[in-house]
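Summary of structural features
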Amino acid sequence: MNLSQQKILITGGSGGIGLALASAFLQTGARVVICARNEQKLQAAAASTPGLLTLSCDLADMQAVQALPERASDMLGGLTMLVNNAGMQNNLSFADTAAPIAVAGAVAEIQTNLTSLIALCAWALPVLSRSESSAIVNVSSGLAFTPKADAVVYCATKAAVHNFSQGLRYQMEDANNGVSVTEVMPPLVATEMTAGRQDGAISADQVASEVLEGLKRDQQEIRVGKVKLLAALMRLSPSLAAKILRNS
Ligand SMILES: NC(=O)c1ccc[n+]([C@@H]2O[C@H](COP(=O)([O-])OP(=O)(O)OC[C@H]3O[C@@H](n4cnc5c(N)ncnc54)[C@H](OP(=O)(O)O)[C@@H]3O)[C@@H](O)[C@H]2O)c1
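Right, let's talk about the sheet that holds strand 7 (residues 221-223) for a bit. If you walk across this open sheet you meet the 7 strands as 3-2-1-4-5-6-7, and the pairing is parallel. Across the chains shown, the open sheet's two edge strands, defined by having one partner strand only, are strand 3 (53-56) and strand 7. Across the sheet, the axes of successive neighbouring strands diverge by a mean angle of 20 degrees, strand direction being ignored. Here 4 bridges tie strand 4 (residues 81-84) to strand 5 (residues 134-139), and the two strands are oriented parallel to one another. Bridged to L82 within strand 5 is I136. Here helix 1 (residues 16-28) sits on the sheet in contact with strand 1 (7-11), strand 2 (31-36), strand 4 and strand 5, set at roughly 165 degrees to strand 2. Here helix 3 (residues 62-76) sits on the sheet in contact with strand 1, strand 2, strand 3 and strand 4, set at roughly 145 degrees to strand 2.

Bringing the nonpolar core into the picture now. One finds L21, V32 and I34 to be the most contacted residues of the largest nonpolar core, which totals 64 residues. In this structure, L21 is in contact with I10, V83, N85, A208 and V211, ignoring residues within four places of it in sequence.

A few words now on helix 1. When the terminal C-alpha atoms of helix 1 are compared, their 19 Å separation across 13 residues agrees well with the 18 Å that a helix rising 1.5 Å per residue should span. Within helix 1 the residues assigned to the buried category are G16, I17, G18, L19, A20, L21, A22, S23 and F25. In this structure, the buried residues of helix 1 make contact with strand 1, strand 2, helix 2 (39-48), strand 4, strand 5 and helix 6 (204-216). Among the residues trailing helix 1, G29 stands out with phi positive, at a value near 105 degrees.

It is worth spelling out unusual backbone geometry at this point. Positive phi is not limited to glycine here, since N176 has a value of about 50 degrees. Its place among the elements puts N176 in the loop between helix 5 (152-175) and strand 6 (179-185).

Let's shift gears to the packing of helix 1 against helix 6. Orientation of helix 1 relative to helix 6, taken along the N-to-C sense of each, is 50 degrees, at an axis distance of 8 Å. The orientation of helix 1 with respect to helix 6, classified from their angle, is oblique. Between helix 1 and helix 6 the crossing geometry is right-handed. For the pair formed by helix 1 and helix 6, the contact residues are G16, I17, A20, L21 and A24 on the first element and A204, D205, V207, A208, S209, V211 and L212 on the second.

This paragraph deals with the packing of helix 7 (residues 227-236) against helix 8 (residues 238-246). Remark: helix 7 packs on helix 8, axes separated minimally by 6 Å, with the N-to-C direction vectors making an angle of 135 degrees. The orientation of helix 7 with respect to helix 8, classified from their angle, is oblique. Seen from helix 7, the contacting residues are L230, L233 and M234; seen from helix 8, they are P238, L240 and A241. Per-class residue counts for the contact of helix 7 with helix 8 are 6 nonpolar, no polar and no charged.

Turning our attention to the pairing of strand 6. Regular strands have side chains that alternate between both faces of the sheet. Counting buried residues along strand 6, 6 of its 7 residues qualify, which places the element largely inside the surrounding structure. Alignment of strand 5 against strand 6, held across 6 bridges, turns out to be parallel. From the neighbouring strand, I136 faces strand 6, where its bridge partner is V181. Read as a crossover between parallel neighbours, the route from strand 5 over helix 5 to strand 6 is right-handed. The pairing of strand 6 with strand 7 spans 3 bridges and is parallel. Residue pairing in the sheet places M185 in a bridge with R223 of strand 7. Between the parallel pair strand 6 and strand 7, the chain is carried across by helix 6, and the sense of this crossover is left-handed.

Here we come to the pairing of strand 2. The buried count for strand 2 comes to 6 of 6 residues, which makes it a mostly enclosed element. Here strand 2 shows two buried faces, one formed by R31, V33 and C35 and the other by V32, I34 and A36. Between strand 2 and its parallel partner strand 3, the chain crosses via helix 2, and the hand of that crossover is right-handed.

Analysis parameters
Residues numbered from 1 in each chain as written. Predicted model: local features only at pLDDT ≥ 70, side-chain atom pairs only at ≥ 80, totals over all residues. Pairing = 2+ DSSP bridges. Helix = DSSP H or I, 4+ residues; strand = E, 2+ residues; numbered from the N terminus. Axes fitted to C-alpha atoms, helices over the stretch in contact; angles between N-to-C directions. Contact = placed C-beta atoms within 7 Å. Core = buried A, V, L, I, M, F, W, Y, C linked by C-beta atoms within 7 Å. Buried ≥ 20, exposed ≤ 12 C-beta atoms within 10 Å, placed from the backbone. Expected span 1.5 Å × (residues − 1). Parallel < 35°, antiparallel > 145°, perpendicular 65-115°, else oblique. Left-handed = near helix turned anticlockwise from the far one by under 90°. Nonpolar A, V, L, I, M, F, W, Y, C, P; charged D, E, K, R; others polar. Right-handed = clockwise from strand over helix to strand, strands pointing away.

Quick look at the structure:
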C-alpha cells in the first residue's frame, strides 16, 4: 500500500497509539484527521503535530458515529482509510464488584471498543468505496488471543474485534470492492491506558513504526513486538500462553 496519498480518519487519535500513528502517517505525506471526546487534548495534539486535523466525537453517541465518515471526508477531500483505534479498559473483578458498576463499565467498554467499531465500518464503507482502493484498520490487542484476569470485558471485546476483522475481510474479498481489512495487535504499550503498569511496555512510536511497515507490505494481521511470539506460542502451547497472559 502506498501511504503518501492516503486520506485517513483515526478514532481516538488525541493520545497514545492513535497520536503516534497520526504523526507517522503525516510524515509520509498522508492527510489525517483524528477524533476524540476531550477538546483540550485534541487541541494539544493539533498544536504539537503540524498538519493534524481534529474532530470532536464521542463514540458512545451512535448518531455522531454515523456522521463521522462524511465529516472526515469533507475535511480531507475524501476518505481512503479508517483506523479504528479508540479504546478503553476497565480493570475490575466481577467477583467483588457490585453488579450495577460491573454492568455500567461493561456496557461502556463494549460500546467504545466493539459496537462503535462495527458501526463505523458500516457507515464508512460507502464513503471508502468512492475510491478505487481503500482500507479499514482495526486495532485489537495480543489479549484477543487469550485473556488477562483483571480486564475480562476488554479482552472479550478485543477477541470479538479479531474475529470480526477476519470475517469482514472475507466479505470485502468476496465483494471484490477494493477495501482491504487489516488488524493491528499491539502488546503492552506505554500510554495513558496502561499508566501505573508499564513494566516491559514498548512505546507508541514503536507501534506506529511497525504498523506503517506492515501496511506498506499489505500485511493482513500486524502483530506488533512480542505479539509475534505470543501468536507462535498459541500454536505450540495454548495453555502455556494462557498461563503467561493470565496475570499480565
Ligand atoms: N496501551 C496498550 O498497552 C494497548 C495494548 C494493546 C492494544 N491497545 C489498543 O490500542 C488502542 C489505543 O490505545 P491507547 O493505549 O493508545 O489508549 P489511550 O492512550 O487511552 O488513548 C485512547 C484514545 O481513545 C479516545 N477515546 C476513548 N474513548 C472514546 C470515545 N468514547 N469516543 C471517542 N474517543 C474516545 C481517547 O480520547 P478521549 O478520552 O478524549 O475521548 C484517546 O484519544 C485501543 O484500542 C487499545 O485497546 C492498547
